[in-house]
Amino acid sequence: MTNKYMYFIANWKMYGGIKTLDSLNKVISFSKTHTKNKIKIIYCPPFTLISSLSQKVKNTSIEVGAQNCHESQKYASLTGQINSSMLKQVGAKFVILGHSENRQTGDKNKLINKKIKSSLKAGLKVILCIGESLREKSKNKTKKILKNQINNCLSGIKKSSKIIIAYEPVWAIGTGLIPKLDNLKKNILFIKNILKNKSVKVLYGGSVNIQNIKDLKKIDPIDGFLIGGDSRDSKKFIDIIKKTYI
Ligand code: PGA
């Protein structure tokens, strides 16, 4: 049982159309009745839904984020790209950066650092994803990787109060696997220890579901969850939130 203020961030990835937003009605009424001072719900839909979703959750405590952005602040000849100022204009308050699915397609720590700086400048808060691959884990390199990702991604960043860290072991994303609880606790504490600003929130992400939340919620230093698959189903998402507090 926890009484802590917790973050529940829905990462919809490449999912959802205008009609999907109807399913949020349940979450909106839940947020109005149950969650006022205890939790922060943030939806990160694909770019195409940021504007409509922001309109939908206007006047509620739910906030909206994007899933990535280009590092350039200026308008530029970059076909298909979207920058942080553009996201801000359509209602995003947060942006996920450094997700392993984007790291796999070329987002390196140095580039993520530029994206973070540009997003903070645009007035967005950043959800920075970090985490080791299975190969790195099996070679006992987890701590080295986490330290490297944090130090390089956050290099030269002063506004760390605008950053949330999401620890997402790559091997736990979408696989149904989660870390051993004592290892997870150690890694969350290790991350908190490296961070210069001790008030930065550290979340866990990777296969969070209604079953494993019973165990995950017992890990005291976790400040919330970044949820992919099970955030697309409003009932499951609400149940995960409820179970965190039971
Ligand atoms: P998952 O995704 O909950 O489906 O494992 C989490 C994420 O990728 O952020």
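Along each chain, residue indices are assigned from 1 in the same order as the chain's sequence is written. This being a predicted model, a pLDDT of at least 70 is required before a residue's local features are given, and a value of 80 or more before pairs of side-chain atoms are given or counted; all residues contribute to the totals for chains, interfaces and linings. Derived side-chain values reflect all non-hydrogen atoms in the structure, with water molecules and hydrogen atoms excluded from consideration.

Asker: Explain the pairing of strand S7 (residues 201-205) to me, and be specific about the residues and the numbers.
Answerer: For every residue, the accessible area (1.4 Å probe, protein chains only) is compared with the maximum for its type, and the residue is labelled buried under 20%, exposed over 50%, or partly exposed between those bounds. Only DSSP runs of H or I with at least four residues qualify as helices, and only runs of E with at least two residues qualify as strands; both kinds are numbered from the N terminus onward. Burial within S7 is extensive, with four of its five residues counted as buried. A clockwise course of the path from the first strand over the helix to the second, judged with the strands pointing away from the viewer, identifies a crossover as right-handed. Following the chain from strand S6 (residues 163-167) across helix H8 (residues 181-194) to the adjacent parallel S7, one finds a crossover that is right-handed.

Asker: Quick rundown of the site of the ligand? Include the residues and the values.
Answerer: The cutoff for a nearby residue is simple: one of its non-hydrogen atoms must lie within 4 Å of the molecule or strand. Taken together, 13 residues are adjacent to the ligand, and Lys13, His99, Glu168, Gly174 and Ser207 come closest. For this analysis, a polar contact is any N or O atom pair within 3.5 Å, provided that within protein one partner can donate a hydrogen and the other can accept it, and provided that sequence-adjacent residues contribute only side-chain to side-chain pairs. Taking Glu168, its side chain carries an N or O atom lying 2.7 Å from an oxygen atom of the ligand. Ser207 has a polar backbone atom sitting 2.7 Å from an oxygen atom of the ligand. For accessible areas, the Shrake-Rupley method is used with a probe of radius 1.4 Å. Any residue's cover is judged against the shown protein chains and nothing else. Surface burial for the ligand is 94%, taken as the share of its 280 Å² of free accessible area covered by protein chains. Charged residues are taken to be Asp, Glu, Lys and Arg, nonpolar residues to be Ala, Val, Leu, Ile, Met, Phe, Trp, Tyr, Cys and Pro, and polar residues to be all remaining types, Gly included. Of the residues assigned to the shell around the ligand, the class counts are four nonpolar, seven polar and two charged.

Asker: Before we move on, could you go through the packing of aromatic side chains and cite the residues and values that matter?
Answerer: Each Phe, Tyr or Trp ring (for Trp, its six-membered ring) is paired with any other whose centre lies within 6.5 Å, and the angle between the two planes then decides the class: stacked below 30 degrees, edge-to-face above 60, tilted in between. The tally for this structure, following the rule as stated, stands at six aromatic pairs. For the ring pair Phe8 and Tyr245, a centre distance of 6.4 Å and an interplane angle of 55° mean the geometry is tilted. Of the two residues, Phe8 sits in strand S1 (residues 6-11) while Tyr245 sits in helix H10 (residues 234-245), which places them 237 residues apart along the sequence. A relative accessible area of 0% places Phe8 in the buried class. Aromatic ring contacts, followed pair by pair, group Trp12, Tyr15, Tyr43 and Phe237 into a single cluster. Only when the NZ atom of a Lys or the CZ atom of an Arg is both within 6 Å of the ring centre and within 35 degrees of the ring normal do we say a charge sits over the ring. Note that Arg232 overlies the ring of Tyr15, its terminal NZ or CZ placed 5.4 Å from the centroid.

Asker: Describe the side chain of Asn209, with residues and values.
Answerer: When you line up the elements, Asn209 lands in the loop between S7 and helix H9 (213-216). Among the polar contacts made by the side chain of Asn209, one reaches the main-chain amide nitrogen of Asn212 at a distance of 2.7 Å. Contact definition: two residues touch when any of their heavy atoms are within 4.5 Å. Setting aside residues no more than four positions away along its own chain, Asn209 makes contact with Asp230 and Ile240.

Asker: Quick one: what's the story with H8, residue by residue and with numbers?
Answerer: Compared with an ideal rise of 1.5 Å per residue, which puts 14 residues at 20 Å, H8 spans 20 Å between its outermost C-alpha atoms and is within 8% of the ideal. Listing the buried residues of H8 in full gives Leu184, Asn187, Ile188, Ile191 and Ile194. All buried residues of H8 fall inside an arc of 130° around its axis, so they share one side. Buried residues belonging to H8 abut strand S5 (125-130), helix H7 (142-153), S6, S7 and H9. An expected span of 1.5 Å times one less than the residue number is assigned to each helix. The arc in question is the one traced by the directions running from the helix axis out to the C-beta atoms.

Asker: I'd love a proper account of the pairing of S5, names of residues and values included.
Answerer: Taking burial as the measure, the six residues of S5 include five buried ones, the bulk of the element. Paired strands, as defined in this entry, are two strands with at least two bridges between them according to DSSP. Relative to S5, strand S4 (residues 94-97) runs parallel, the two sharing four bridges. Residue pairing in the sheet places Phe94 in a bridge with Lys125 of S5. In the sheet, S5 pairs with S6 via five bridges, with the strands oriented parallel. Note on S6: the bridge partner recorded for Ile130 is Tyr167.

Asker: Break down H7 for me, citing the residues and quoting the values.
Answerer: One turn of the α-helix equals 3.6 residues, which is why residues spaced by three or four share an orientation. The first and last C-alpha atoms of H7 sit 16 Å apart over twelve residues, in line with the 16 Å expected at 1.5 Å per residue. Contact partners of the buried residues in H7: helix H4 (100-103), helix H5 (109-121), S5, helix H6 (134-138), S6 and H8.

Asker: Describe the packing of H7 against H8, with residues and values.
Answerer: Here, axes are lines fitted to C-alpha atoms. For helices the fit covers the stretch in contact, and angles between N-to-C directions go from 0 to 180 degrees. Two elements in contact, H7 and H8, have axes whose closest approach is 10 Å; the angle formed by their N-to-C orientations is 35°. Relative to H8, the crossing made by H7 is right-handed. Every residue of H8 that contacts H7 at Thr142, Lys143, Leu146, Lys147, Ile150 and Asn151 is listed here: Asn187, Phe190, Ile191 and Ile194. A breakdown of the residues in the contact of H7 with H8 according to their chemical character gives five nonpolar, three polar and two charged. Crossings are classed by handedness, with left-handed meaning an anticlockwise turn of the near helix from the far one by less than a right angle and right-handed meaning a clockwise turn.

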